[in-house]
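For reference, the chains in residue letters:
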Amino acid sequence: MRASLVKAGEIERLLQDISRETSQANWSEYVKVGGTIQCDRPLISKFKREPCVYYCSVVTRKYEETVTRTDNEGNTTTEVNQRSEELSRNTNSTPFYLVDETGAILVDPEGADDIDTIQVLDEYRPEGTDPQSSRYYPRSGGYSSGSSGGYGSRGYGGEGYGSSSSGGYSSGGGYYASGDRNFEDRMDSRTLGYEYTEKILPVGRRAFVVGTAKCVSGRAIIEKPVDAKKKYIVSLKSEAQLTADAARWKDLSLYLMLACGSGSVLLVLFRIWGILK
């Protein structure tokens, strides 16, 4: 189902008209609204300390893994691989207002299928860097993070909700079974450094929101649709770009269906490649 393009103020006026005729609690509409993001109590991003209504902050450990294998004749082989592991991912969001020339509409981004962001941090710090020089995570002998946050009783316009994953690592070596009794393996791990990334949905940017407008506690709000077939999107793209993207993915879905039921797989793949370019 296609979302109706409406103005922020129109939704509030529609809600007032409905209240004179029927129950507001039964009203909902799948809409697309554009406006400027405003928030009286914005979040402050974890690393860069930027005002925003959504952020995602990630810490990734880069490490080198050396595996030495010894067979039953005493011959050894060594293999070195560079790997990475995500140590922490912290996301947080808060409701905000989308404001245009006609008024404002409250938006709760919780559960959005897609939230456009801008990247404000992409930094790599080699192991051995002076911990005091890190503005983000001082490190001393390893890494740990706790979990915090909860949507719970924040209320609209409150502190938002959060989720984080905790993790840690240990480096060193140890023997492990390879599944072949003729081999004895030893694995050593060495930390190379840490990568810090952060993306935000900033205050003051123009955005388009596609979601379900409904009445909550006597006021209009846009939130995640109950129908799973209806996408909930918070986008920094223009309305024209959103329309073009929707058409693009509609074509892609069509060609994927054709690929499943057609022998001309190569032709279909070329069509898909043209859409994705």
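Rules behind the numbers
- Residues numbered from 1 in each chain as written.
- Predicted model: local features only at pLDDT ≥ 70, side-chain atom pairs only at ≥ 80, totals over all residues.
- Heavy atoms only, no water.
- Buried < 20%, exposed > 50% of the residue type's maximum accessible area, 1.4 Å probe, protein only.
- Helix = DSSP H or I, 4+ residues; strand = E, 2+ residues; numbered from the N terminus.
- Pairing = 2+ DSSP bridges.
- pLDDT = per-residue confidence, 0-100.
- Contact = heavy atoms within 4.5 Å.

**Points about the pairing of strand β14 (residues 219-223)**
And then number 1: For β14, the buried fraction is high: 4 of the 5 residues fall into the buried class.
And then number 2: Two elements, strand β7 (residues 103-107) and β14, share 2 bridges in a ladder whose sense is parallel. Opposite V107, over in β14, you have I222 as the bridge partner.
And then number 3: Two strands pair when backbone bridges link them, and strand β13 (residues 206-216) and β14 are joined in this way by 5 bridges, in the antiparallel orientation. Considered in β14, the bridge of T212 is made with E223.
And then number 4: Remark: 2 residues form the turn of the hairpin made by β13 and β14, two consecutive strands paired antiparallel; S217 in that turn has positive phi of roughly 55°.

**Focus on unusual backbone geometry**
And then number 1: Here R49, not a glycine, exhibits a phi torsion of approximately 60°, which is positive.
And then number 2: Inspection of the secondary structure puts R49 in the loop between β3 (43-44) and β4 (51-71).
And then number 3: Judged by relative accessible area, R49 falls into the exposed class, the value being 54%.

**With respect to the confidence of the model for the protein**
Detailed reading of the predicted coordinates is not advisable wherever pLDDT falls low.
And then number 1: Mean pLDDT over the protein stands at 75; residues scoring 70 or higher make up 63%.
And then number 2: Mean pLDDT values over the elements of the protein span from 40, in strand β10 (residues 161-164), up to 97, in β3.
And then number 3: Every residue in residues 138-183 scores below 50 in pLDDT, and together they form 109 contacts with partners more than four places removed in sequence or on other chains.

**Considering the environment of F47**
And then number 1: By secondary structure assignment, the location of F47 is in the loop between β3 and β4.
And then number 2: According to the relative accessible area criterion, F47 is buried, its value standing at 6%.
And then number 3: Between the C-alpha atom of F47 and that of L121, which follows or precedes it by 74 residues, the distance is 8.0 Å.

**A closer look at the side chain of T212**
And then number 1: Locating T212 in the fold gives a position in strand β13.
And then number 2: Residues contacting T212, with those up to four places away along its chain left out, are S28, E29, Y30, I221, I222, E223 and P225.

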